[in-house]
Amino acid sequence: MRVHLYFYGNVYAIIVLIKSNNGEALHTQEIGKNLYQVDLKTGGFKSLISSYILRGTEIIIVESGPTSSVPTLIDGLKELNLRLEDVEYVAVTHVHLDHGGGAGTLLKALPNAKVIVHPRGMPHLINPQRLWESAQSVLGYVSEIFGEPEPVPKERIVPVTQGSFDLDGGPKLKVIETVGHASHSLSFHESFNNGVFPGDAAGTYFPEFDVVMPTTPPPFYLDSALASLDTLISLNPSFLYYSHFSKAKNAVRRLQDYKLQLKLWAKITQEGLKENQSAEEIGDRIVSEDKVMQRLVGYLRSHRIYSKTALGNSVQGVVEYAKHAKQVS
Ligand SMILES: [Zn+2]
């Protein structure tokens, strides 16, 4: 239950919001043993970015999300009656604004928390200026919706590429290096439900369509991305907890399908480049040859965020990779 006190002229009104499982006031959802999803509703967009909360005696948050929706994440912790001082770690899969951009702002509210990040991402958390400038040039108005990152104090960063973090009375969070989407991408495995948080290493999942599309903006590293997917498959996970967006079962099949989809995009791109097609023409060709994209393209083009971040940027990443690669098997 949440109590809000409003002041209207000279009259106080107390409005009590009762949480319900269907209620609009809820940001959080229990999705497994000791595991909760928070819909960050960044910029007012539902089902765009998730953070996750792992609960033991202490708490680990996976993905701070962007700066602008940190208040929603904090509301989510309060909804679950969790104490901000009990959050021990904020684990970010990578430092892109929609995943780790809010870490600095979030840490101001979490007195005991440290950020888990890949060592190559660490400098961008300490000094986010370059990251912010490049996000502004690549993402345009979307970067403003995400918000400018605030610095994370160096002493509050735990740089790792492997190892695990044990929650007293809760699951174990194992760190897996999964570069490809970025040169500093991590995934995390949680032990209670046998699920993986892949960040963007397994693509973008659209629950309403039950399909995945590549998340491959430049600089994208296809060979590393495929090897990272093999690493995740070798863990034999039951679930994926996508940052975009939500939990999905049949994890291994989805990871295998994603590998095939990346290879299909690379093949189409190579053929397009041989015929001197532009990135835009290659994008059209991908839409016509990838059945998933045929289903998604209308939705993507009408979405204020995805129309900017999804298709064009992902095609561009594969095109730039293919220009440098000799052959993709
Ligand atoms: Zn992302």
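The written sequence of each chain sets the order in which its residues are numbered from 1. Residues qualify for local features only when their pLDDT is at least 70, as the model is predicted, and side-chain atom pairs are given and counted only at 80 or more; totals for whole chains, interfaces and linings, by contrast, use all residues. For side-chain calculations, the full set of non-hydrogen atoms in the structure is used, while hydrogens and water are omitted.

A. Layout of the overall build of the chain. Helix and strand definitions follow DSSP, with helices as H or I runs of at least four residues and strands as E runs of at least two, each counted in order from the N terminus. Counting its secondary structure elements, the chain contains twelve helices and 17 strands. For 329 residues, the compact-globule formula gives about 20 Å, and the C-alpha radius of gyration of the chain, at 20 Å, lands near that figure. Within the chain, contacts between residues separated by at least 24 positions form 65% of all contacts whose residues are at least 6 apart in sequence. With residues, only the protein chains shown are counted as cover, and all accessible areas are computed by Shrake-Rupley using a 1.4 Å probe. Total accessible area on the chain stands at roughly 14600 Å², and carbon and sulfur atoms take up 50% of it. This count recognises Lys and Arg as positive and Asp and Glu as negative, with His and chain-terminal groups excluded. The atoms used to mark charge sites are NZ of Lys, CZ of Arg, CG of Asp and CD of Glu. Positive and negative charge centroids in the chain, built from 32 and 34 side chains respectively, lie 3 Å apart. With the radius of gyration taken over C-alpha atoms, the globule rule is written as 2.2 Å times the number of residues to the power 0.38. Contact between two residues is taken to exist if any of their heavy atoms lie within 4.5 Å; hydrogens are not considered.

B. Structural detail: the sheet that holds strand β11 (residues 172-177). Here, any two strands with at least 2 DSSP bridges between them count as paired. Overall, mixed pairing links the six strands, which are arranged β10-β11-β12-β13-β16-β17 in an open sheet. Looking at which strands have only one partner, the edges of the open sheet turn out to be β10 (163-166) and β17 (246-248). Between one strand axis and the next, the sheet turns through 25 degrees on average, direction left out of account. Pairing geometry for β10 and β11, over four bridges, is antiparallel. Among the inter-strand pairings, F165 is bridged to a residue of β11, identified as L173. Sheet contacts for helix α8 (residues 251-274): β16 (239-242) and β17; angle to β16, the most-contacted strand, approximately 60 degrees. Helix axes are fitted only over the stretch in contact, all axes being lines through C-alpha atoms; the angle between N-to-C directions runs from 0 to 180 degrees.

C. Geometry of the coordination of the zinc ion. At 2.1 to 2.3 Å from the zinc ion lie its protein donor atoms, namely D98 (OD), H99 (NE2), D200 (OD) and H244 (NE2). Geometry at the zinc ion is irregular, judged from its four donor atoms and the angles of 84 to 154 degrees they form at the metal. The sequence motif formed by the donor residues of the zinc ion is D-H-x100-D-x43-H. For D98, a relative accessible area of 13% puts it in the buried group. Under the scheme applied here, a residue whose accessible area is under 20% of the maximum for its type counts as buried, over 50% as exposed, and between as partly exposed, the area being computed with a 1.4 Å probe on protein chains only. We classify H99 as buried; its relative accessible area is 0%. Counted as donors are the N, O and S atoms within 2.8 Å of the metal, or 3.2 Å for Na, K and Ca, while water is not among the atoms, so some sites may look incomplete. Note on geometry labels: four donors, all angles 85 to 135 degrees, give tetrahedral; four donors become square planar and six octahedral when opposite donors are over 155 degrees apart and every other angle is between 65 and 115; remaining cases are irregular.

D. Fine view of the packing of helix α9 (residues 279-289) against helix α12 (residues 311-324). Two elements in contact, α9 and α12, have axes whose closest approach is 10 Å; the angle formed by their N-to-C orientations is 105 degrees. Considering the angle they form, α9 stands roughly perpendicular to α12. Counting all contacts with α9, which are made through A279, I282, G283, I286 and V287, the residues of α12 involved are L311, V315, Q316 and V319. Note on residue categories: nonpolar means Ala, Val, Leu, Ile, Met, Phe, Trp, Tyr, Cys or Pro, charged means Asp, Glu, Lys or Arg, and polar means any other residue, Gly included. Class assignment for the residues of the contact of α9 with α12 results in seven nonpolar, two polar and no charged. For classification purposes, an angle smaller than 35 degrees is called roughly parallel, one larger than 145 roughly antiparallel, one from 65 to 115 roughly perpendicular, and anything else oblique.

E. How the structure looks around the pattern of salt bridges. Throughout this description, the term salt bridge denotes a Lys or Arg side-chain nitrogen within 4 Å of a carboxyl oxygen of Asp or Glu. Counted under the stated rule, the structure contains twelve salt bridges. R120 serves as the salt-bridge partner of E177, at 3.9 Å between the closest nitrogen and oxygen. Residue E177 is located in strand β11, and its partner R120 is located in the loop between β8 (114-117) and α4 (122-126); the two are separated by 57 residues in the primary sequence. Assessed through its relative accessible area of 34%, E177 is described here as partly exposed. Accessibility expressed as a relative area gives 46% for R120, which makes it partly exposed.

F. Region of the structure containing the nonpolar core. I53, I61, V90, L110 and M213 are the most contacted members of the largest nonpolar core, which has 80 residues in total. In terms of residue count, the dominant contributor to this core is α8 (eight residues). Not counting residues within four places of it along the chain, the set of residues in contact with V90 comprises I61, S64, L106, L107, L110, A113, K114, V115 and I116. Residues L35, Y52, I60 and V175 belong to the second largest nonpolar core, which totals 19 residues. Grouping buried Ala, Val, Leu, Ile, Met, Phe, Trp, Tyr and Cys residues that are joined through side-chain atoms within 4.5 Å yields what is termed a nonpolar core.

G. Here's a closer look at empty space enclosed by the protein. Points on a 1 Å grid, built from protein atoms alone, make a cavity when a 1.4 Å probe fits but cannot get out and make a pocket when they are open with protein on both sides within 12 Å along at least 5 of 7 lines; residues with an atom within 4 Å of a point are the lining residues. Grid points are joined across faces, edges and corners, and a volume is the space filled by probe spheres set on the points. Under the definition given, this model contains two cavities of 30 Å³ or more. By volume, the largest cavity is sized at about 50 Å³. In terms of lining, the largest cavity is formed by T178, V179, G180, H181, D200, A201, T215, T216, F220, A225, S228 and Y258. Grouping the amino acids of the lining of the largest cavity by side-chain chemistry returns five nonpolar, six polar and one charged. A volume near 40 Å³ is recorded for the second largest cavity. Considering only residue class, the lining of the second largest cavity consists of six nonpolar, three polar and one charged.

H. Inspection of the packing of aromatic side chains at higher detail. Working definition: rings of Phe, Tyr and Trp (its six-membered ring) pair if their centres are within 6.5 Å, and the pair is stacked with planes under 30 degrees apart, edge-to-face with planes over 60 apart, and tilted otherwise. Using the criterion set out here, one finds ten aromatic pairs in the structure. Judged by centre distance (5.8 Å) and plane angle (50 degrees), the rings of Y52 and Y241 are tilted. Taken together, the residues Y52 in strand β5 (residues 50-55) and Y241 in strand β16 connect sequence positions 189 residues apart. For the pair Y52 and Y241, one class covers both residues: buried. Here the aromatic rings of F206 and Y299 are separated by 6.0 Å at their centres, their planes lie at 85 degrees, and the arrangement is edge-to-face. Within this pair, whereas F206 is found in strand β14 (residues 204-206), its partner Y299 is found in helix α10 (residues 291-302), the two being separated by 93 residues in sequence.

Honestly, that's just the spatial picture; any functional story needs more than this.
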